[in-house]
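Breakdown of the fold
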Amino acid sequence: MKIIALAGGVGGAKLADGLAKILLPEDLTIIVNTGDDFEHLGLKICPDLDTVCYTLAGLGNPQTGWGRADESFNALENVRQLGGPDWFGVGDRDLGTHLERTRRLREGQPLSQITRDFCKAWGIGPTVLPMSDDSIPTIVLSDEGELPFQEYFVHRRCEPRVSGFRFQGVETAAPAPGVVQAMREADLVVICPSNPWVSIDPILALPTLKSEIESLPMVAVSPIIGGQAVKGPVVKMYQELGIQPSALAVARHYQDFLSGFVFDQVDQDLESEIQQLNVLTLCADTLMTSPTQRKRLAQDVLKFGTLLMEK
Ligand code: FO1
């Protein structure tokens, strides 16, 4: 069974890791959001891509979910002392990734190739692909005007009120090499419990990808449990956009693509309403607070996915 996982952010990385633990490397392709990529301190930083890779490699920071374990911040401290921008928490180990990626990009290597080489160096088995080699920055529409994603997310701590998002240049962007082929060979697409607005929508907005994906069974896992976000601003975003945040709202979000939806057992009372969207449902324990739970949720999702494929 060949699986594609769409992922971005910490929740996405955790389920991708669970899937990687139970599937053969050649059966899993993880397509990662690059809408949150940005240039900072002269370097190209790809936070979601790095979060997924560090998590799969076992190098990630278990406290934050992003960045590296056993990290120090000497370089950032020095930037601060010199009066430079210190709002983005780049650690010393992490800095090495951005330096080497930026060096290679300046040499003309595409992001997908650099990611492949990094994954090999880090001993990552599954294929990890950036959604595109083109730059498609997410722009947050807010009560303070248009904000680049990391400016909104990290620098302004998600304080501005959002009114929408746009993915700059997505109309003419191409999926990264390997993305369309992986879609054509896939049996099932898993949307990880990532933020639908800023982690998954940028991937689904790629024109070529949208048409490929429509023909595949797709299962999404809710990042909202009991009306609360496990991590990040997803609930705040739904509220500011005038939508009651819930697993049901997430199912509605993906309604056009979805064949199955996985949501947490605390939201069991939403099941019949979700089923009315014409999707099959799986009520499961979706909180991934340990590696065992990542693996167990991945197993549940795949078993459910097998059912969907037989439909
Ligand atoms: N998120 C924060 O909230 N504060 C940070 O200082 C921060 C630094 C950082 C450094 C490297 C990296 O790969 C990710 C980092 N993140 C930080 C997380 C990241 O910006 C967001 O989680 C994603 O962009 C949203 O998925």
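Above this note sits the structure.
Here goes a summary of the coordinates provided. Bear in mind the structure is a predicted one, so any value in this text is a computation, not a measurement.

**Here we look at the pattern of salt bridges**
- Within this structure, the stated rule accounts for 16 salt bridges.
- With a shortest N-O distance of 2.8 Å, R101 and D50 are connected by a salt bridge. Pair noted here: R101 is in helix α4 (residues 92–107) and D50 is in helix α2 (residues 47–57), with a separation of 51 residues, a long-range link. Side by side, R101 and D50 carry an identical accessibility label, which is buried.
- Among the ionic pairs, D86 bridges to R80, the shortest N-O distance being 2.6 Å.
- Classification of R80 as partly exposed rests on a relative accessible area of 39%.

**Notes on the sheet that holds strand β5 (residues 127–130)**
- Read across the sheet, seven strands follow the order β5-β2-β1-β9-β10-β13-β14 without closing on themselves; strand pairing throughout is parallel. Every interior strand has two partners, whereas the edge strands, β5 and β14 (280–284), have only one. Taken over all neighbouring pairs, the strand axes of this sheet differ in orientation by 20° on average, direction set aside.
- Strand direction decides the pairing type here: strand β9 (residues 188–191) and strand β10 (residues 218–221), joined by three bridges, are parallel.

**Some thoughts on the sheet that holds strand β6 (residues 138–142)**
- The three strands lie next to each other as β7-β6-β8, forming an open sheet whose pairing is antiparallel. Looking at strand neighbours, the two that pair on one side only are β7 (145–148) and β8 (162–167), the edges of this open sheet. Geometrically, the sheet is characterised by an average inter-axis angle of 25° between neighbouring strands, direction not taken into account.
- Pairing of β6 with β7 involves four bridges; the strand directions are antiparallel. The residue bridging S142 from the neighbouring strand is G145, located in β7.

Here is what the cut-offs are and how they apply
Residues numbered from 1 in each chain as written. Predicted model: local features only at pLDDT ≥ 70, side-chain atom pairs only at ≥ 80, totals over all residues. Heavy atoms only, no water. Salt bridge = Lys/Arg side-chain N within 4 Å of Asp/Glu carboxyl O. Helix = DSSP H or I, 4+ residues; strand = E, 2+ residues; numbered from the N terminus. Buried < 20%, exposed > 50% of the residue type's maximum accessible area, 1.4 Å probe, protein only. Pairing = 2+ DSSP bridges. Axes fitted to C-alpha atoms, helices over the stretch in contact; angles between N-to-C directions.

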